[in-house]
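Remarks on the overall topology
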Amino acid sequence: MNSGLIHNYPSLRARKRAAKWRLAGIIKISLGCIDCGYNSHPEALQFDHINDDKKDNVSNLIRSDYAWSTILTEINKCEVRCSNCHAVVTEKRRDSLRMLERFESKINKTEDCWIWTASKDSNGYGVFRLDGKLEKAHRVSYTLVFGDISKDLVLDHLCRNKSCVKIGRAHV
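Attention shifts here to unusual backbone geometry. Phi angles above zero are rare outside glycine, and Asp-65 is one such case at about 60°. Position of Asp-65 relative to the elements: it lies in the loop between helix H2 (58-63) and helix H3 (68-75). With a relative accessible area of 21%, Asp-65 lands in the partly exposed category.

Written out as structure tokens, the structure is:
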């Protein structure tokens, strides 16, 4: 007979959730921040998704009692970053997205070419301000898709339209 005693034992569900938090913390500490190496407190480390294939934040999945296999699948889509590095990387990503939106707003896409509609240099090539410097728009377009290219490499417009920034129309 229960004589009015209240048992304050956590439910099985709460214990499972706590175990998931502990496992996530162990993963964070064992990996540490990919940028600076910090690995002292799991609360100061975050799972940072590295692509757009995101079901949800890992924390939300744990709070919502998803299966550990689902949580682990999501963790595998992430890098671990400390709070400071995560804030810096996130801001850089936002800057990149703003730059990409700004770049794309200056293009008129036709069936054959992507015509640069903004400023052009004296030779007719589109120019775009990137990191405070004027760059050739077709080189910026190429870099956005393939990464940095050497300054001494020449991109040739296969369509012979100097204001075209369509990547399929240029080759190194």
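Right, picking up where we left off after that structure.
Right, let's get into the state of the cysteines. Applying the stated criterion to the full structure yields 0 disulfides. In this structure Cys-78 is a free cysteine whose sulfur lies 13 Å from that of Cys-33, the closest cysteine sulfur available. Free of any disulfide, Cys-85 has its nearest neighbouring cysteine sulfur in Cys-82, separated by 3.5 Å.

Turning next to the layout of surface pockets. Roughly 280 Å³ of internal volume is contained in the largest pocket. Around the largest pocket, the lining residues are Met-99, Leu-130, Asp-131, Lys-133, Glu-135, Arg-139, Val-140, Thr-143, Leu-144, Asp-148, Ile-149 and Lys-151. Of all elements in the fold, only strand E6 (133-136) and helix H5 (137-146) reach the threshold of two or more residues within the lining of the largest pocket. If you tally residues by element for the lining of the largest pocket, the top one is H5, at 4 residues. By residue class, the composition of the lining of the largest pocket is 5 nonpolar, 1 polar and 6 charged.

This next bit is on helix H1 (residues 12-31). When the terminal C-alpha atoms of H1 are compared, their 29 Å separation across 20 residues agrees well with the 28 Å that a helix rising 1.5 Å per residue should span. Residues Lys-20, Ala-24, Gly-25 and Lys-28 constitute the buried set of H1. Along the axis of H1, the buried positions cluster into a sector of 135°, meaning they face one direction only. Opposite its buried face, H1 presents the exposed residues Leu-12, Arg-22, Ile-26 and Ser-30, each directed more than 90 degrees away. Packed against the buried residues of H1 are strand E1 (45-49), H2, H3 and strand E2 (78-82).

For H5, the complete set of buried residues consists of Ala-137, His-138, Arg-139, Val-140, Ser-141 and Tyr-142. Gly-147 sits one or two residues past H5 and shows a positive phi near 95°.

It is worth spelling out the environment of Met-99 at this point. Tracing the backbone shows Met-99 in helix H4 (residues 83-104). Sequence spacing of Met-99 and Gly-25 is 74 residues, and the spatial spacing of their C-alpha atoms is 35 Å. The contact partners of Met-99, leaving out residues within four places of it in the chain, are Phe-128, Leu-130 and Leu-144.

Moving on: the pattern of salt bridges. For the coordinates displayed, the defined rule picks out 12 salt bridges. Arg-81 is the salt-bridge partner of Glu-79, the closest N and O atoms lying 2.9 Å from each other. The partner of Arg-98 in a salt bridge is Asp-95, with the nearest N and O atoms 2.3 Å apart. Of the two residues, Arg-98 and Asp-95 both sit in helix H4, 3 residues apart, roughly one turn of that helix.

Scoring rules and cut-offs
Residues numbered from 1 in each chain as written. Predicted model: local features only at pLDDT ≥ 70, side-chain atom pairs only at ≥ 80, totals over all residues. Heavy atoms only, no water. Helix = DSSP H or I, 4+ residues; strand = E, 2+ residues; numbered from the N terminus. Buried < 20%, exposed > 50% of the residue type's maximum accessible area, 1.4 Å probe, protein only. Disulfide = S-S within 2.5 Å. 1 Å grid on protein atoms, 1.4 Å probe; cavity = no way out; pocket = protein on both sides within 12 Å on 5 of 7 lines; lining within 4 Å. Points joined across faces, edges and corners; volume = space filled by probe spheres on them. Nonpolar A, V, L, I, M, F, W, Y, C, P; charged D, E, K, R; others polar. Expected span 1.5 Å × (residues − 1). Arc of directions from axis to C-beta. Contact = heavy atoms within 4.5 Å. Salt bridge = Lys/Arg side-chain N within 4 Å of Asp/Glu carboxyl O.

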